[in-house]
Amino acid sequence: MTEARKAFESAGRRAETKAAWWLRLHGWRILGQRIKTPRGEVDLVARRGRTVAFVEVKARKTKAALGDAIDEYRLRRVAAAASILAPKYAQNGEDIRIDVMLLAPWRLPHHLPNVWHGG
């Protein structure tokens, strides 16, 4: 793995850790992190009450760059992975949704709930 790739991976892990703590501070319990499936990866799985969220975390160097951080392709991969993971994490009829957490330096994390509605 190249040094640039290692730095990118490290930054991604830090962003996921920050997003997990933000969610915890807002009443969510983290059920899993960086869960890989044959159809994609889910950065965080979180539960609050009867809602299970499969969370995509995106970090960028500037707030302006966050606008391009997430697109339909990425959301489709998270949704595909979530469909595989849902039976494990939502066994009792919980509401399931796809959320996004956007992070940039010197900004509070921005939580976008329920961003995927199929398509």
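Participant: How should I be thinking about the overall build of the protein in this particular structure?
Facilitator: Per the secondary structure count, the protein includes two helices and five strands. For 119 residues, the compact-globule estimate of 2.2 N^0.38 gives 14 Å, and the C-alpha radius of gyration of the protein, at 14 Å, lies within 12% of that figure. For the C-alpha atoms alone, the extent of the protein along its principal axes is close to 40 × 30 × 25 Å. At a minimum sequence separation of 6, the contacts of the protein that also span at least 24 residues come to 53%. Accessible surface, the protein: about 7,300 Å² in total, of which carbon and sulfur atoms supply 54%.

Participant: Would you mind going over unusual backbone geometry with me for this structure?
Facilitator: Excluding glycine, residues mostly carry a negative phi; peptide bonds, for their part, are mostly trans. You will see that Arg-34, though not glycine, has its phi angle at about 50 degrees, which is positive. Locating Arg-34 in the fold gives a position in strand 1 (residues 29-37). Its identity as a non-glycine residue notwithstanding, Asn-114 has a phi of 50 degrees, on the positive side. Looking at the element boundaries, Asn-114 is found in the segment after strand 5 (110-112). The class for Asn-114 is partly exposed, based on a relative accessible area of 34%.

Participant: Would you take a moment to explain the packing of aromatic side chains for this structure?
Facilitator: Ring pairs (aromatic) are described by centroid distance and by the angle formed between their planes. Per the stated rule, a full pass over the model turns up zero aromatic pairs. When the ring centre of Trp-21 is taken as origin, the NZ or CZ atom of Arg-24, which lies over that ring, is 4.6 Å away.

Participant: Honestly, helix 2 (residues 72-89) in this entry has me stumped. Any pointers?
Facilitator: Within an α-helix, residues lying three or four positions from one another point in the same direction, as the helix has 3.6 residues per turn. For helix 2, spanning 18 residues, the distance from its first C-alpha to its last is 24 Å, which sits close to the expected 26 Å at 1.5 Å a residue. Where helix 2 bends most, at Ser-83, the angle is about 40 degrees, and the proline Pro-87 comes one to four residues later. Within helix 2, burial applies to Leu-75, Val-78, Ala-79, Ala-80, Ala-81, Ala-82, Leu-85, Ala-86 and Tyr-89. Backbone nitrogen of Tyr-73 and a side-chain oxygen of the N-cap are separated by 3.3 Å at the start of helix 2; the cap is Asp-71.

Participant: Explanation requested: the layout of surface pockets in the structure shown.
Facilitator: Once rolled over the atoms, a probe with the size of a water molecule shows which space is left empty. Taken as a whole, the largest pocket holds about 960 Å³ of empty space. In terms of lining, the largest pocket is formed by 31 residues, of which the most central are Phe-8, Gly-12, Val-57, Lys-58 and Ala-59. Of all the secondary structure elements, the ones that give two or more residues to the lining of the largest pocket are helix 1 (3-25), strand 1, strand 2 (40-48), strand 3 (51-59) and helix 2. Of the residues forming the lining of the largest pocket, the biggest block, 10 residues, is contributed by helix 1. When its residues are assigned to classes, the lining of the largest pocket shows 13 nonpolar, two polar and 16 charged.

Criteria and cut-off values
- Residues numbered from 1 in each chain as written.
- Predicted model: local features only at pLDDT ≥ 70, side-chain atom pairs only at ≥ 80, totals over all residues.
- Heavy atoms only, no water.
- Helix = DSSP H or I, 4+ residues; strand = E, 2+ residues; numbered from the N terminus.
- Rg over C-alpha atoms; globule rule 2.2 N^0.38 Å.
- Contact = heavy atoms within 4.5 Å.
- Areas by Shrake-Rupley, 256 points an atom, 1.4 Å probe, with all protein chains shown as cover.
- Buried < 20%, exposed > 50% of the residue type's maximum accessible area, 1.4 Å probe, protein only.
- Phe/Tyr/Trp six-rings, centres within 6.5 Å; stacked < 30°, edge-to-face > 60°.
- Lys NZ or Arg CZ within 6 Å of the ring centre and 35° of its normal.
- Expected span 1.5 Å × (residues − 1).
- Bend = angle between axes of the 7 residues up to and from the residue.
- Polar contact = N/O pair within 3.5 Å; in protein donor to acceptor, adjacent residues only side chain to side chain.
- 1 Å grid on protein atoms, 1.4 Å probe; cavity = no way out; pocket = protein on both sides within 12 Å on 5 of 7 lines; lining within 4 Å.
- Points joined across faces, edges and corners; volume = space filled by probe spheres on them.
- Nonpolar A, V, L, I, M, F, W, Y, C, P; charged D, E, K, R; others polar.

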